[in-house]
Amino acid sequence: MKKFVLLLAALAALTCLSALPALAATDAPKQAIEMKFPADSNKYGPIMFEHHAQHLALKAGCVACHHKWDGKAEITGCRVEGCHTDISKDKKREPTSYDSAFHSKNSLNSCIGCHTALLKDNPASKAPKKCNDCHTKK
């Protein structure tokens, strides 16, 4: 009987742990978020990002992209102080740059890095990776 109770408790704990990302995702915006380029860019229009089921189902949950989020405070955008505030073109690919937040091939926290890894593991995936998959010209 003890083994059964322990097994039941372990299953309940695993169920709760697997549900945490889904619970955290319930606060995700329901409407698309307009991601604007820095003021000096007039080549592309804004990207409309939706928290699709694929993003909400990530094992890491919200911190997969919002990597500095502590799980308690309000989630902020990438350009908050101390995150990706460098929008200068001469430092475009440095880890703290706004551009790297989305385009770094070496970080699973960036769109391109995550999509590259996903496509490597699952070539049939429809994860966008080419520039025009996300960007539209003005």
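What counts, and at which threshold
Residues numbered from 1 in each chain as written. Predicted model: local features only at pLDDT ≥ 70, side-chain atom pairs only at ≥ 80, totals over all residues. Heavy atoms only, no water. Helix = DSSP H or I, 4+ residues; strand = E, 2+ residues; numbered from the N terminus. Buried < 20%, exposed > 50% of the residue type's maximum accessible area, 1.4 Å probe, protein only. Contact = heavy atoms within 4.5 Å. Areas by Shrake-Rupley, 256 points an atom, 1.4 Å probe, with all protein chains shown as cover.

Draft legend 1. Layout of the overall build of the protein. Each helix and strand in the protein was counted, giving five helices and two strands. Of the regular secondary structure in the protein, the N- to C-terminal order runs α-β-β-α-α-α-α. Counting only residues that meet the buried cut, the protein has 19% of its 138 residues in that class. Relative to all contacts within the protein whose residues are 6 or more apart in sequence, the contacts with residues 24 or more apart total 32%. When the accessible surface of the protein is totalled, it reaches about 10600 Å², and 62% of it is carbon and sulfur.

Draft legend 2. Structural context of the environment of Pro29. With respect to the secondary-structure elements, Pro29 resides in the loop between helix 1 (2-25) and strand 1 (33-35). For the pair Pro29 and His51, spaced 22 residues apart in the sequence, the C-alpha separation amounts to 7.0 Å.

Draft legend 3. Region of the structure containing the environment of Lys30. Summarising the element assignment, Lys30 is placed in the loop between helix 1 and strand 1. Its relative accessible area of 68% is what places Lys30 among the exposed residues.

Draft legend 4. Quick peek at helix 4 (residues 111-121). Those residues of helix 4 not exposed but buried are Ile112, Gly113 and His115. On its buried face, helix 4 sits against helix 2 (53-56) and helix 3 (100-103).

Draft legend 5. Region of interest: the side chain of Ser110. Along the chain, Ser110 falls in the loop between helix 3 and helix 4. Residue class for Ser110 comes out buried when judged on its relative accessible area of 2%. Residue contacts for Ser110: discarding those within four places in its chain leaves Ser100, Ala101, Phe102, His103 and Ser104.

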